[in-house]
Amino acid sequence: MKTLLKFAGILAVATAMTAPMALPVQAQTTIVAPGQSTSGTYMDYMKTVYARATFAELLQVPIATFDKEFELTPMAAESWSQSEDGLTWTFKLRPGLVWSDGEPLTAEDYVFALQRAATTGYDFAWYWDFAGGIKGWKEVTEGTADVSALGLVAVDDLTIEVTTVAPKPYLPSVTSLWYPVPKHKVDELGDDWALNVDTIVTSGPFDIESWEKSNNSVVFTKSDTYTGPWQAQIDRLEVDPSLGAPEVGLPAFLAGDADYSFLNTGQVPVATQRFPDGIRKNAVFATSYISYDLDSAPFNDENVRKAFYYAVDRAELTSTVLKDIAIPAGSILPPGYPGYNETVVAQATFDPEKAKQFMADAGFANGEGFPEIEIWYREEGGYNGAIIPAMAQYLQAEFKEVLGITMNIRVLPGAEWMDGLRNKTNNIFIAPYEYDYLDPSNFYGIFYNGGRHGYFIPEYDALVAQADSEADWDTRYDLYAQAEQIMIDQALIVPLVHPITIAVISDELGGDAASPNALGFTSLDRLGHYFFTHLTKQ
């Protein structure tokens, strides 16, 4: 035995001496990024949008998505075409795409994703009704038709046909939020496939390594099975939602524990002085506004809503409390967005005397007899984390001064806030909304036929429906402007601000995603698929 061991030892040494030298292991590139919501349920965008786990969408490949110039880029699809009557779109998928467990990614996985969404109470179902306009969607979601009535067909493994109720010239941009669902995993595990790291399968540029549900923090790794466009340039992405609040994120950045941080207004001067080359700005296509439960007192009174509309000094708000991180909003549409109308915007003026008169007309002169109210906003990081808490406090003081009322403030996790909005368990909200696709129907759709606010305004709905199927773009824009005039006349919302995000990034970050676009803006994780796949680190 000793002889055998000795011989083995000699052989091992000889082998080591004659074998080529092993190359040093290349260090992994890891980016630590701030997240948004600290709570999440499913790691599945097609199960829940508003309560999804952190960056769940990074795990899957959409039909198409936007680059940093807001150009629509084919992703899972390699091409698409529209029928002559405008009602049918055909999407051709790229061959060779697979799930991380080796199963082929097919047209059926995309069709199944929407069939499941239409029949299981998906919280983003309105999007596919109004924006997508899929034939049969409304009837199926309301339970009056079978799922087979949907205008969705997997013609073969690589071909999807979508039939709409009216021409949708912008449908390809709508598909930026169409992700596949692994039918083979749902058949095996049901919705639970997206609850545990061990059972989650991916189709996109990242895999998932860990998910801490107590705070919604996630670690992603570069996929070794994804063959589509925009493959990750980094090895690991660690997302920590607690860093989303600038008060937490910037100290972590300064300590070297985060690779970028969003900034609040008080942090901007210091960060700009210390890291002048690391400052990144982004004019976000987003709007924060006040919405109501129109059916309950006191906001079932149009005069009360008009008083609130005229009681906000947006110029003061954005030049002081929100200096450098927001601009005044006079419309639901942000500046530069298709359909933005200066005539609409000009009507959102600060007029305290008019506000007081409307309160008096409602029977609450100088606020007397007005009930104590509580405005709700949702807990989140990013630009909303920098803007909304400070804005809520400003509005609290402003309404006290101008209207003579007491408004309390309550912050809620995203899922609870959305539940309150949808089920009308409160009567006033600060509601932020960022675009999903580049068309005015996106913003007007959130109030159409109920939308996410439960608003049912027949004259508004008629104009928006007409605009949505109108082929002439100038006519469409005019119809949308008329629809927003109804919103103003009935004071359905109070537009507040449009965000300007300011962040500071590490000088170790590079790649196309770290540099501004042609307009001088850097979208960062607002364009998550582009940003995290076009980012490098030294």
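Residues numbered from 1 in each chain as written. Predicted model: local features only at pLDDT ≥ 70, side-chain atom pairs only at ≥ 80, totals over all residues. Heavy atoms only, no water.

Caption draft 1: Spotlight on the overall build of the protein chain. Helix and strand counts for the protein chain stand at 18 helices and 20 strands. Against the 2.2 N^0.38 benchmark of 24 Å for 538 residues, the protein chain shows a C-alpha radius of gyration of 26 Å, consistent with a compact globule. The C-alpha extent of the protein chain, read off along each of the three principal axes, is 105 × 55 × 40 Å. Of all 538 residues assigned to the protein chain, the portion counted as buried reaches 56%. Counting contacts in the protein chain only where the partners sit at least 6 residues apart, residues at least 24 apart contribute 72% of the total. Taken as a whole, the protein chain presents about 21800 Å² of accessible surface, with 52% of it coming from carbon and sulfur. Positive and negative side-chain charges in the protein chain, numbering 34 and 72 respectively, have mean positions lying 5 Å apart. (Helix = DSSP H or I, 4+ residues; strand = E, 2+ residues; numbered from the N terminus. Rg over C-alpha atoms; globule rule 2.2 N^0.38 Å. Buried < 20%, exposed > 50% of the residue type's maximum accessible area, 1.4 Å probe, protein only. Contact = heavy atoms within 4.5 Å. Areas by Shrake-Rupley, 256 points an atom, 1.4 Å probe, with all protein chains shown as cover. Lys, Arg positive; Asp, Glu negative; His and termini not counted. Charge placed at Lys NZ, Arg CZ, Asp CG, Glu CD.)

Caption draft 2: Local environment of the packing of helix H9 (residues 302-310) against helix H12 (residues 352-361). H12 packs onto H9 with a crossing angle of 165 degrees between their chain directions and a minimal axis gap of 8 Å. Classified by the angle between their axes, H9 and H12 sit roughly antiparallel to one another. With respect to the hand of their crossing, H9 and H12 are arranged in left-handed fashion. Contacts from Asn 303, Lys 306, Ala 307 and Tyr 310 of H9 reach H12 at Pro 352, Lys 354, Ala 355, Phe 358, Met 359 and Asp 361. For the contact of H9 with H12, a count of residues per class yields six nonpolar, one polar and three charged. (Axes fitted to C-alpha atoms, helices over the stretch in contact; angles between N-to-C directions. Parallel < 35°, antiparallel > 145°, perpendicular 65-115°, else oblique. Left-handed = near helix turned anticlockwise from the far one by under 90°. Nonpolar A, V, L, I, M, F, W, Y, C, P; charged D, E, K, R; others polar.)

Caption draft 3: Highlighting the environment of Val 497. Turning to its location among the elements, Val 497 is positioned in strand S18 (residues 494-505). Judged by relative accessible area, Val 497 falls into the buried class, the value being 0%. Val 497 sits 169 residues away from Pro 328 along the chain, and the two C-alpha atoms are 4.6 Å apart.

Caption draft 4: The arrangement of the side chain of Arg 280 in detail. Along the chain, Arg 280 falls in strand S12 (residues 279-283). No salt bridge forms around the buried Arg 280; measuring N to O, its nearest opposite-charge neighbour Asp 277 is 7.1 Å away. At 2.9 Å, the side chain of Arg 280 forms a polar contact with the backbone oxygen of Asp 277. In this structure the side chain of Arg 280 is engaged in a polar contact, spanning 2.7 Å, whose partner is the backbone oxygen of Ala 514. Sequence-distant contacts of Arg 280, defined by excluding residues within four places in its chain, comprise Thr 501, Ile 502, Ala 503, Ile 505, Ala 514, Pro 516 and Thr 522. (Salt bridge = Lys/Arg side-chain N within 4 Å of Asp/Glu carboxyl O. Polar contact = N/O pair within 3.5 Å; in protein donor to acceptor, adjacent residues only side chain to side chain.)

Caption draft 5: Examining helix H7 (residues 246-254) more closely. Listed as buried for H7 are Pro 246, Gly 249, Leu 250, Ala 252 and Phe 253. End-on view of H7: buried residues confined to an arc of 160 degrees, all on one side of the axis. On the buried face of H7, the contacting elements are strand S11 (260-262), helix H13 (382-403) and S18. (Arc of directions from axis to C-beta.)

Caption draft 6: Geometry of the sheet that holds strand S10 (residues 236-240). Across the sheet, which stays open at both edges, the four strands sit in the order S1-S10-S9-S8 with mixed pairing between neighbours. Pairing within the sheet leaves two strands with one partner each, and these edge strands are strand S1 (30-34) and strand S8 (206-212). The average angle at which neighbouring strand axes cross in this sheet is 20 degrees, direction not considered. Taken together, the six bridges between S8 and strand S9 (residues 217-222) define a ladder with antiparallel strand orientation. The partner of Glu 212 across the bridge, within S9, is Ser 217. (Pairing = 2+ DSSP bridges.)

Caption draft 7: Structural context of the environment of Tyr 309. Position of Tyr 309 relative to the elements: it lies in helix H9. For Tyr 309, a relative accessible area of 2% puts it in the buried group. Spatially, the C-alpha atoms of Tyr 309 and Thr 522 are 32 Å apart, while their sequence positions differ by 213 residues. Residue contacts for Tyr 309: discarding those within four places in its chain leaves Arg 314, Gln 347, Ala 348, Thr 349, Ile 488, Ile 493, Val 494 and Pro 495.

Caption draft 8: Main features of the packing of aromatic side chains. Following the criterion strictly, the structure yields 45 aromatic pairs and no others. Look at Tyr 127 and Trp 128: their rings are 5.1 Å apart centre to centre, the planes differ by 85 degrees, and that puts the pair in the edge-to-face class. For the pair formed by Tyr 127 and Trp 128, the shared burial category is buried. Between Tyr 292 and Phe 299, the aromatic rings sit 4.7 Å apart at their centres with planes inclined by 25 degrees, giving stacked as the arrangement. Residue classification places Phe 299 among the buried positions, given a relative accessible area of 0%. For the cation-ring pair, Lys 168 lies above Phe 130, with the distance from its terminal atom to the ring centre recorded as 5.4 Å. Just above the ring of Tyr 310 sits the side chain of Lys 354; from NZ or CZ to the centre is 4.7 Å. (Phe/Tyr/Trp six-rings, centres within 6.5 Å; stacked < 30°, edge-to-face > 60°. Lys NZ or Arg CZ within 6 Å of the ring centre and 35° of its normal.)

Caption draft 9: Inspection of helix H17 (residues 473-489) at higher detail. In this model, H17 (17 residues) spans 24 Å end to end at C-alpha, consistent with the 24 Å of a helix rising 1.5 Å per residue. Of the positions making up H17, those classed as buried are Arg 476, Leu 479, Tyr 480, Ala 481, Ala 483, Glu 484, Ile 486, Met 487 and Ile 488. As for H17, its buried residues are in contact with H9, helix H11 (342-345), helix H15 (440-444) and helix H16 (458-468). Capping the start of H17 is the job of one residue whose side-chain oxygen sits 3.4 Å from the backbone nitrogen of Asp 474: Asp 472. At the C-terminal side of H17, Ala 491 shows a positive phi close to 50 degrees. (Expected span 1.5 Å × (residues − 1).)

Caption draft 10: Spatial organisation of the confidence of the model for the protein chain. For the protein chain, per-residue confidence averages 92 on the pLDDT scale, and 95% of positions sit at 70 or higher. Of the regions scoring below 50 in pLDDT, residues 1-25 engages in zero contacts with residues more than four places distant in sequence or in other chains. (pLDDT = per-residue confidence, 0-100.)

Caption draft 11: Inspection of the pattern of salt bridges at higher detail. One pass over the structure, following the stated rule, counts 17 salt bridges. Glu 238 is paired through a salt bridge with Arg 236; the nearest N and O atoms lie 3.0 Å apart. According to the relative accessible area criterion, Glu 238 is partly exposed, its value standing at 26%. With a relative accessible area of 15%, Arg 236 lands in the buried category.

Caption draft 12: Expanded view of the sheet that holds strand S6 (residues 152-156). Read across the sheet, four strands follow the order S4-S5-S7-S6 without closing on themselves; strand pairing throughout is antiparallel. Where the open sheet ends on each side, the last strands, each with one partner, are strand S4 (77-82) and S6. Averaged over neighbouring strand pairs, the angle between their axes works out to 20 degrees when direction is ignored. Against the sheet, helix H2 (residues 107-119) touches strand S5 (88-93), S6 and strand S7 (159-163), its axis set at about 170 degrees to S6.

Caption draft 13: Structural detail: the environment of Glu 434. Here Glu 434 is to be found in strand S17 (residues 428-434). In sequence terms Glu 434 and Ser 288 are 146 residues apart; their C-alpha atoms lie 8.7 Å from each other. Here Tyr 383 takes part through its side chain, which lies 3.2 Å from a polar atom of the side chain of Glu 434. Within the local environment of Glu 434, its side chain forms a polar contact with the side chain of Arg 526, the two groups lying 2.4 Å apart.

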